[in-house]
Amino acid sequence: MDRRKPAALAAALGMVGASAALTDGDPASASELKLVADTTFVQQTFGACSTDEVKVTGKAGENSASVDVPDACKGEDLVLYLGQDGTTYSANVASDGTATFDVALADGARTLLTANTWPLATNTDITESSTPSSDDFITCSLVDESTGAISNDCEVTFEITANNIWPITWTKGSPAGVNWWVNVTISTSNTTRAAWRLAVNVDSDALTTLMEQALVEKNARYTLDSLGFDIIRYFGLGSSINAQVFGDSGCETSPHIVTFGANANVDQYNYWPKVIDARHPISFQLFGSSSSTPYSSTSQIFSCPAS
């Protein structure tokens, strides 16, 4: 440590104090200037808690963003600034990494995260609300059944088109509602075969958005509201598909999460592929309905009562 610095700092401050006293007082009274000897100096060093780039993600039309807070910055005073439409907004970042604003996020918005007012390198990714990600209602995982290890080294892609959705007003004895199909493909870059699991949020707003778009593309005279669509009451797979349910949060919970998949210890050459690897992706269709008794021949994953 350079012990000359505090002395030099004291001398500099003393000169500043003397100059101020001379400026504010009578120059002829400079001999009466009094300096305080018992001065305490505090030396502090300030810096960013992390130099890592912070990723901020969100969806246009929603008022919250997710912040991937670096470990070194957790517990600090974190504030996320949002710049859009010529205005800057701010929100505190909660312990779960969520920042909630008084306005909805817009396409092209930019953000800046500060930790104890110190700006951090921030990468902003605001996606369009019209094309929600499959992660909003489907997440994929792989299971090594020899060890029980679970990984997320798999990807889900899906497609819903105008031909995948239709009203079921013609089903006699059943409440009006809507049926839909989602084409799903599960793939992985892993070369080792593993069992797959899908966790589905059947109450997802993203899925509802996709179905609304499909109705518009079909030029249907129906809307999801007119069909009484407020929850998915039936969920299943194509009639040639079998799968095992590993978890169901229940019809009374919100969101309703169902986890299903197949085991690797079942013959993988069966008509239903039980495992996947880089050479063997799996494609099938999910089926859902706002009715608990849909017109369908699919294998059932769950069925909730009508009310």
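Residues numbered from 1 in each chain as written. Predicted model: local features only at pLDDT ≥ 70, side-chain atom pairs only at ≥ 80, totals over all residues. Heavy atoms only, no water.

**Considerations on the side chain of Arg233**
Its location among the elements puts Arg233 in the loop between helix 2 (205–217) and strand 15 (234–237). A polar atom in the side chain of Arg233 sits 3.2 Å from the backbone oxygen of Pro305. (Helix = DSSP H or I, 4+ residues; strand = E, 2+ residues; numbered from the N terminus. Polar contact = N/O pair within 3.5 Å; in protein donor to acceptor, adjacent residues only side chain to side chain.)

**A short note on the nonpolar core**
Trp180, Trp196, Leu198 and Leu286 are the most contacted members of the largest nonpolar core, which has 40 residues in total. Elements that contribute at least two residues to this core include exactly strand 9 (138–144), strand 13 (178–187), strand 14 (194–201), helix 2, strand 15, strand 17 (257–262), strand 19 (282–289) and strand 20 (299–303). Residue contributions to this core peak at six residues, all from helix 2. If we ignore the near neighbours within four places in the chain, the residues touching Leu198 are Ile138, Thr139, Cys140, Val156, Val184, Ile186, Val258, Thr259, Phe260 and Phe284. Grouped together as the second largest cluster of nonpolar side chains are 20 residues, Leu78, Val93, Ala99 and Ala109 included. (Core = buried A, V, L, I, M, F, W, Y, C linked by side-chain atoms within 4.5 Å. Buried < 20%, exposed > 50% of the residue type's maximum accessible area, 1.4 Å probe, protein only. Contact = heavy atoms within 4.5 Å.)

**Quick word on the state of the cysteines**
Disulfide: a covalent bond formed between the sulfur atoms of two cysteine residues. Per the stated rule, a full pass over the model turns up three disulfides. A sulfur-sulfur distance of 1.9 Å marks the disulfide that ties Cys49 to Cys73. Sign of the S-S torsion, about 100° for the bond between Cys49 and Cys73, identifies this disulfide as right-handed. One end of the pair, Cys49, is in the loop between helix 1 (4–24) and strand 1 (54–59); the other, Cys73, is in the loop between strand 2 (64–67) and strand 3 (78–84), and 24 residues separate them in sequence. A sulfur-sulfur separation of 2.1 Å characterises the disulfide bridge that pairs Cys140 with Cys154. Here Cys140 and Cys154 share a disulfide; its torsion about the S-S bond, -120°, makes the bridge left-handed. Within this pair, whereas Cys140 is found in strand 9, its partner Cys154 is found in the loop between strand 10 (149–151) and strand 11 (155–159), the two being separated by 14 residues in sequence. Cys154 carries the same exposure label as Cys140, and that label is buried. For the chain, numbering the cysteines in disulfides from first to last along the sequence yields the connectivity 1-2, 3-4, 5-6. (Disulfide = S-S within 2.5 Å.)

**Here we look at the sheet that holds strand 3**
A sheet is described by the order of its strands in space; here four strands give the open sequence 4-3-6-7, paired in antiparallel fashion. For this open sheet the edge positions go to strand 4 (87–92) and strand 7 (118–119), each flanked by a neighbour on one side alone. Pairing analysis gives six bridges linking strand 3 to strand 4, with the strands arranged antiparallel. From the neighbouring strand, Gln84 faces strand 4, where its bridge partner is Thr87. (Pairing = 2+ DSSP bridges.)

**Comments concerning the pattern of salt bridges**
Opposite charge on two side chains lets them pair, provided their charged atoms get close. Tallied over the entire structure, the rule returns two salt bridges. The partner of Asp71 in a salt bridge is Lys74, with the nearest N and O atoms 3.2 Å apart. The same class applies to Asp71 as to Lys74, namely exposed. Between Asp277 and Arg193 there is a salt bridge, with its nearest N and O atoms 3.4 Å apart. Note that Asp277 is positioned in the loop between strand 18 (275–276) and strand 19 and Arg193 in the loop between strand 13 and strand 14, a separation of 84 residues in sequence. You can call Asp277 buried: its relative accessible area is 6%. (Salt bridge = Lys/Arg side-chain N within 4 Å of Asp/Glu carboxyl O.)

**Description of the sheet that holds strand 5 (residues 98–100)**
Strand order in the open sheet formed by four strands is 5-2-1-8, with mixed pairing between adjacent strands. With partners counted over all chains shown, the strands left at the sheet margins are strand 5 and strand 8 (122–127), one partner each. Averaged over all pairs of adjacent strands, the angle between strand axes in this sheet comes to 25°, irrespective of strand direction. Of the strand pairs in this sheet, strand 1 and strand 2 are connected by three bridges, and their pairing is antiparallel. (Axes fitted to C-alpha atoms, helices over the stretch in contact; angles between N-to-C directions.)

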